[in-house]
Amino acid sequence: MEWPIASEALKKSTEVQLDKWKSEGKGWGRNLSALLQKTVPIHALASLRRRHSWKEREPQLDGQSGHQEGQSGGREVAEQVTGPQPCGGGGCEQRPLDKGLRWTTLLPGPPECLGAEGRLAHKLFRDLFANYTSALRPVADTDQALNVTLEVTLSQIIDMDERNQVLTLYLWIRQEWTDAYLRWDPDAYGGLDAIRIPSSLVWRPDIVLYNKADAQPPASASTNVVLRHDGAVRWDAPAITRSSCRVDVSAFPFDAQRCGLTFGSWTHGGHQLDVRPRGAAASLADFVENVEWRVLGMPARRRVLTYGCCSEPYPDVTFTLLLRRRAAAYVCNLLLPCVLISLLAPLAFHLPADSGEKVSLGVTVLLALTVFQLLLAESMPPAESVPLIGKYYMATMTMVTFSTALTILIMSLHYCGPSARPVPAWARALLLGRLARGLCVRERGEPCGRSRPPESPPSPQPPDGGARPPPVACHEPRCLCRQEALLHHVATIANTFHSHRAAQRRHEDWKRLARVMDRFFLGIFFSMALVMSFLVLVQAL
């Protein structure tokens with residue numbers, strides 16, 4: 001295709017400028033870069049090259065700086081601001097004039113290859129950043145504070161490390177401020193009212209997370225900013241934050257946590273930079289639900305503090321994340337097994353003493369609770385306060401220990417031998433009388449609510465002691481009354497029988513007392529286990 005012919009005035013002005021630079025002996029590489037920004041057609045430059053017989057060594061020596069500036073200030077910026085422009089017709093080609101003038105690739109091709117919007121964006125970018133610096137605060141008056149609006153959107157809770165007390169979040173952070181040196185009239189640039197440029201080219205507030213628990217720099221420096229014609233700058237950047245959070249596990253697994261994220265400027269005081277939140281709370285519109293924590297809210301609060309290192313106040317914004325733990329998994333895996341085991345422990349009082357498994361059941365339950373206590377201790381951070389489930393485990397283990405000790409004591413009462421002393425009178429009246437009727441402990445064949453009256457053992461009579469009726473004269477020589485030896489042996493046998501019956505009755509009384517104690521402690525410990533389990537489970541409702 002044929003290139004358009006440049007105007008004679010443009011060709012003549014270009015030749016005059018080149019002749020002037022050459023006669024003065026100045027390096028024209030840098031000035032040529034500025035001249036080329038006037039969008040000179042390729043064939044006009046080619047004719048100028050033939051006219052002045054340019055050499056390759058001149059741009060390499062004198063035009064190298066122009067090559068670097070032109071390439072970094074033109075091509076990269078053009079690609080980032082406007083992107084590649086579509087070409088019409090049969091295609092476009094941007095040819096270098098020779099090997100030494102590689103920066104001539106920045107020259108636009110024919111006019112149809114670069115649209116009006118692209119040329120205006122290039123021109124706007126060059127006009128804005130001609131004398132701009134990102135090292136200083138962009139305010140017209142240095143005594144004026146720059147207002148920065150901070151908005152945080154919670155996207156995901158990545159991890160809550162209770163042992164190390166570190167909270168990891170995925171946030172979308174938006175910062176907005178006004179740059180006094182980046183303003184333009186949209187009508188002068190074809191109605192262009194906003195551009196998107198790399199954030200590293202503009203001044204950015206040094207707002208950091210005060211209570212961060214990570215030494216890595218934030219991964220948000222590569223995002224772009226949106227620059228509007230009135231100087232308003234909006235910087236949206238995603239960030240993964242690791243912040244310290246004081247975890248209170250006193251009510252675990254029914255606990256609620258409050259974790260604060262404090263944002264503020266690290267070097268600018270309140271007289272130079274004022275940070276304020278946008279809205280009363282962080283946004284939860286794009287939050288991804290967490291399987292362990294339920295988010296109740298994330299209110300924002302602005303504070304102005306004066307630190308010991310500096311006299312000027314430092315404003316900051318604190319977003320408090322309100323969390324409540326989802327306790328369903330902990331209830332099923334840790335709490336319910338402990339409740340069932342604790343309800344099994346009082347049943348040792350219901351086992352017959354002759355079974356020989358009363359003490360074994362209590363020891364087995366105690367070992368099972370110890371295993372669950374070790375599993376709980378591995379998942380809990382070391383803290384001064386004992387968790388609620390830990391208190392429940394300790395109370396249950398104490399109850400099982402006391403029940404096992406009482407079981408041993410009751411078994412010793414059950415196995416009292418015939419040589420034991422009789423049941424005391426107060427125990428016979430209180431325990432074997434009233435308490436036995438109240439607990440419905442009865443002998444075999446005895447109706448509930450009635451107890452057999454206590455019987456005093458008969459006192460054995462010596463064979464020749466005690467008062468006897470007056471002897472009656474017996475004239476039979478073979479009468480039994482005259483067999484003194486036989487009567488003595490019969491009396492001895494009767495006394496031994498009565499003594500055995502009395503010892504047997506004392507043994508039965510102690511066994512009955514043991515059954516009454518078993519029934520009494522069964523009700524006491526079962527009620528204690530039910531009350532403790534109910535108090536713990538009601539926290540989950």
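Above this text you will find the structure in question.
Since the structure is predicted, the reported quantities are computational estimates derived from the model, not experimental observations.

Student: I'd like to hear about the packing of aromatic side chains, residue by residue, with values.
Tutor: Aromatic ring pairs are defined here through the distance separating the ring centres and the angle between the ring planes. One pass over the full model with this rule turns up 12 aromatic pairs. Taking 5.3 Å as the distance between ring centres and 80 degrees as the angle between the ring planes, the aromatic pair formed by F129 and Y132 counts as edge-to-face. The exposure classification of F129 matches that of Y132, with both residues buried. Where Y392 meets Y393, the ring centres are 6.5 Å apart and the plane angle is 75 degrees; that geometry is what we call edge-to-face. Accessibility expressed as a relative area gives 4% for Y392, which makes it buried. Put simply, the rings of F349, F520, F521 and F525 pair up and form one aromatic cluster.

Student: Explain unusual backbone geometry to me, and be specific about the residues and the numbers.
Tutor: Going from F252 to P253, the amide bond is cis rather than trans, its omega being 5 degrees. Of note, P253 is situated in the loop between β6 (232–244) and β7 (256–265). Non-glycine residue Q165 carries a positive phi angle of around 55 degrees. In this structure, Q165 sits in the loop between β1 (146–161) and β2 (166–178). Given the relative accessible area of 30%, Q165 is considered partly exposed.

Student: Would you mind going over the nonpolar core in detail, with residue names and values included?
Tutor: Core analysis: the biggest nonpolar cluster contains 91 residues, and I157, F263, F319 and L321 have the highest contact counts within it. Per-element accounting of this core gives the leading share, 10 residues, to helix α11 (residues 484–537). Setting aside residues up to four positions removed in sequence, L321 forms contacts with L154, I157, L167, L169, Q257, R258, C259, V295, G297 and M298.

Student: Can you explain helix α8 (residues 358–379)? Please cite residues and give values.
Tutor: Structurally, the α-helix is built with 3.6 residues per turn, so residues lying three or four positions apart point the same way. Compared with the 32 Å implied by 1.5 Å per residue over 22 residues, the 33 Å span of α8 between its first and last C-alpha is a close match. What α8 keeps buried is the set K358, G362, V365, L369, F372 and L376. Here the buried residues of α8 occupy an arc of 95 degrees about the axis, which is enough to place them on one side. Exposed and facing more than 90 degrees away from the buried side of α8 are T364, L367, L374 and E378.

Student: Give me the lowdown on a nonpolar patch on the surface, citing residues and values where you can.
Tutor: A cluster of nonpolar side chains, namely V531, F534, L535 and V538, defines an oily patch on the protein surface of about 380 Å² accessible area. Position of V531 relative to the elements: it lies in helix α11.

About the thresholds
- Residues numbered from 1 in each chain as written.
- Predicted model: local features only at pLDDT ≥ 70, side-chain atom pairs only at ≥ 80, totals over all residues.
- Heavy atoms only, no water.
- Phe/Tyr/Trp six-rings, centres within 6.5 Å; stacked < 30°, edge-to-face > 60°.
- Buried < 20%, exposed > 50% of the residue type's maximum accessible area, 1.4 Å probe, protein only.
- Helix = DSSP H or I, 4+ residues; strand = E, 2+ residues; numbered from the N terminus.
- Core = buried A, V, L, I, M, F, W, Y, C linked by side-chain atoms within 4.5 Å.
- Contact = heavy atoms within 4.5 Å.
- Expected span 1.5 Å × (residues − 1).
- Arc of directions from axis to C-beta.
- Patch = residues over 30% accessible without salt bridge, like charges linked within 9 Å, V, L, I, M, F, W, Y side chains within 5 Å.
- Areas by Shrake-Rupley, 256 points an atom, 1.4 Å probe, with all protein chains shown as cover.
- Salt bridge = Lys/Arg side-chain N within 4 Å of Asp/Glu carboxyl O.

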